[in-house]
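Here is how the chains run, residue by residue.
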Amino acid sequence: MSLTTAPAPTPESATPVAPAEARRHELAAFLRSRRERIAPEQVGLPMTGRRRTPGLRREEVALLAAVGVTWYTWLEQGRDIQVSAQVLDSVARALMLDPAERGHLFVLAGAEDPAPVRECLTVTPPIRLVLEQMSPMPAAVVNARFDVLAYNRPYSHIIGNIDELPFEDRNLMWLAFTPSRFRDVLVDHENERETMVARFRSAMADHSTEPAWKALLARLRKASPDFEAAWQRHDVMTPGNGLKRFVVPGIGLLHCDYTSFWLGPRPSARLVAYTPRDEETRARMGLMADGL
């Protein structure tokens, strides 16, 4: 892998800004987690000596991003320093961030992305409007890795307040195999989890070398014996539609058909809508939209 040099600022570049304290600490933790999941050989660096911590060293990230080691160290320590969009772009490339992670990086840094991803998997304002208009039916945008990218108010009764979770935990696979509201309300969670693992394995065939996929797989295998057992069965399944049942506190039992609407030419991000199978479920969805 060739080293990427940060582009020089242009007169049109936005003035660097320093993110607020809370976001600086979140930014520091996010950068550290992304750095630690990348092996040196993935970015063309030789393995030299014994490493006390997993992944890349800070100086290696700085080298790959063509930024100063001290500056990058301060950024990862959450110090109050000026952050330019051009240098963040180089850091994102060095850490091999996927589109969702890249967007998260720029939000935390309080900077405007100079090269925003303009693919269908981005949650655009029109997609958010569609989510809102689908109320009282729960709906969410989910990618092939089962990351929840956006959702409407009724869906929050199923998933909980996912915005309060760390970025890497906003994933249905993770929520299904670890203690969470999603696992608690999903009635047939054992069978549903088997299906999710089979679809995850099938999707990962196109992403097996990507750090975000490898990191999620490693976390799941370590955190959940149930996931590890399902993973070892090597079942595969293509994406599809079906039936799900939820028991939502204060609302009751929901019988739902779920339908995926793909947002691009290839199966990747999709808008998943839950429609009622009976009148009782329809009425209870109305209660969720009302905020009860």
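Keep in mind that this is a model prediction, so the values were computed, not measured. (Residues numbered from 1 in each chain as written. Predicted model: local features only at pLDDT ≥ 70, side-chain atom pairs only at ≥ 80, totals over all residues. Heavy atoms only, no water.)

A. Examining the overall build of the chain more closely. Secondary structure assignment for the chain yields 13 helices and 5 strands. Sequence-distant contacts in the chain: of pairs separated by 6 or more residues, those separated by 24 or more amount to 57%. Approximately 14,800 Å² of the chain is accessible, and the part contributed by carbon and sulfur atoms is 53%. (Helix = DSSP H or I, 4+ residues; strand = E, 2+ residues; numbered from the N terminus. Contact = heavy atoms within 4.5 Å. Areas by Shrake-Rupley, 256 points an atom, 1.4 Å probe, with all protein chains shown as cover.)

B. Structural view of the sheet that holds strand β5 (residues 270-276). Taken in spatial order, the 5 strands make up an open sheet running β2-β1-β5-β4-β3, and their pairing is antiparallel. The open sheet is flanked by β2 (148-151) and β3 (242-248), the only strands paired with a single partner. The average angle at which neighbouring strand axes cross in this sheet is 30 degrees, direction not considered. As paired elements, strand β1 (residues 139-142) and β5 share 4 bridges and run antiparallel to each other. In the strand pairing of β5, A139 is matched with A273. Sitting on the sheet, helix α13 (residues 279-289) is in contact with β3, β4 (252-262) and β5, with an inclination near 80 degrees to β4. (Pairing = 2+ DSSP bridges. Axes fitted to C-alpha atoms, helices over the stretch in contact; angles between N-to-C directions.)

C. Region of interest: the packing of aromatic side chains. Per the counting criterion, the structure on display carries 9 aromatic pairs. Seen from their ring centres, F246 and Y274 are 5.7 Å apart, and the 75 degrees between their planes marks the pair as edge-to-face. On the criterion of sequence distance, the pair formed by F246 in strand β3 and Y274 in strand β5 is long-range, its members being 28 residues apart. On the accessibility criterion, Y274 (5% relative accessible area) is buried. Through successive ring pairs, a cluster of aromatic residues spans Y151, Y155, F246, Y258 and Y274. The residue whose ring lies beneath R270 is F146, and the NZ or CZ to ring-centre distance is 5.5 Å. (Phe/Tyr/Trp six-rings, centres within 6.5 Å; stacked < 30°, edge-to-face > 60°. Buried < 20%, exposed > 50% of the residue type's maximum accessible area, 1.4 Å probe, protein only. Lys NZ or Arg CZ within 6 Å of the ring centre and 35° of its normal.)

D. Just the pairing of β5, in detail. Of all 7 residues making up β5, 6 are buried, and the element is well covered by its neighbours. Here 7 bridges tie β4 to β5, and the two strands are oriented antiparallel to one another. Along β5, the bridge assignment pairs D257 with T275.

E. Representation of the packing of helix α1 (residues 21-36) against helix α3 (residues 69-76) within the structure. It is at 7 Å that the axes of α1 and α3 come closest, and there the two elements cross at 115 degrees. Taken together, the axes of α1 and α3 are roughly perpendicular relative to one another. Every residue of α3 that contacts α1 at L27, A28, L31, R32 and R35 is listed here: Y72, L75 and E76. A breakdown of the residues in the contact of α1 with α3 according to their chemical character gives 5 nonpolar, no polar and 3 charged. (Parallel < 35°, antiparallel > 145°, perpendicular 65-115°, else oblique. Nonpolar A, V, L, I, M, F, W, Y, C, P; charged D, E, K, R; others polar.)

F. Quick peek at the nonpolar core. In terms of nonpolar packing, the biggest core is built from 40 residues, with L172, M173, F182, F200, F227 and F246 touching the most fellow members. In terms of residues, this core owes the most to one element, helix α8 (residues 172-177), which gives 6 residues. When sequence neighbours within four positions are dropped, the list of residues in contact with M173 reads R145, F146, M196, V197, F200, L220 and F227. One finds L45, A65, I81 and F167 within the second-largest nonpolar core, a separate group that totals 30 residues. (Core = buried A, V, L, I, M, F, W, Y, C linked by side-chain atoms within 4.5 Å.)

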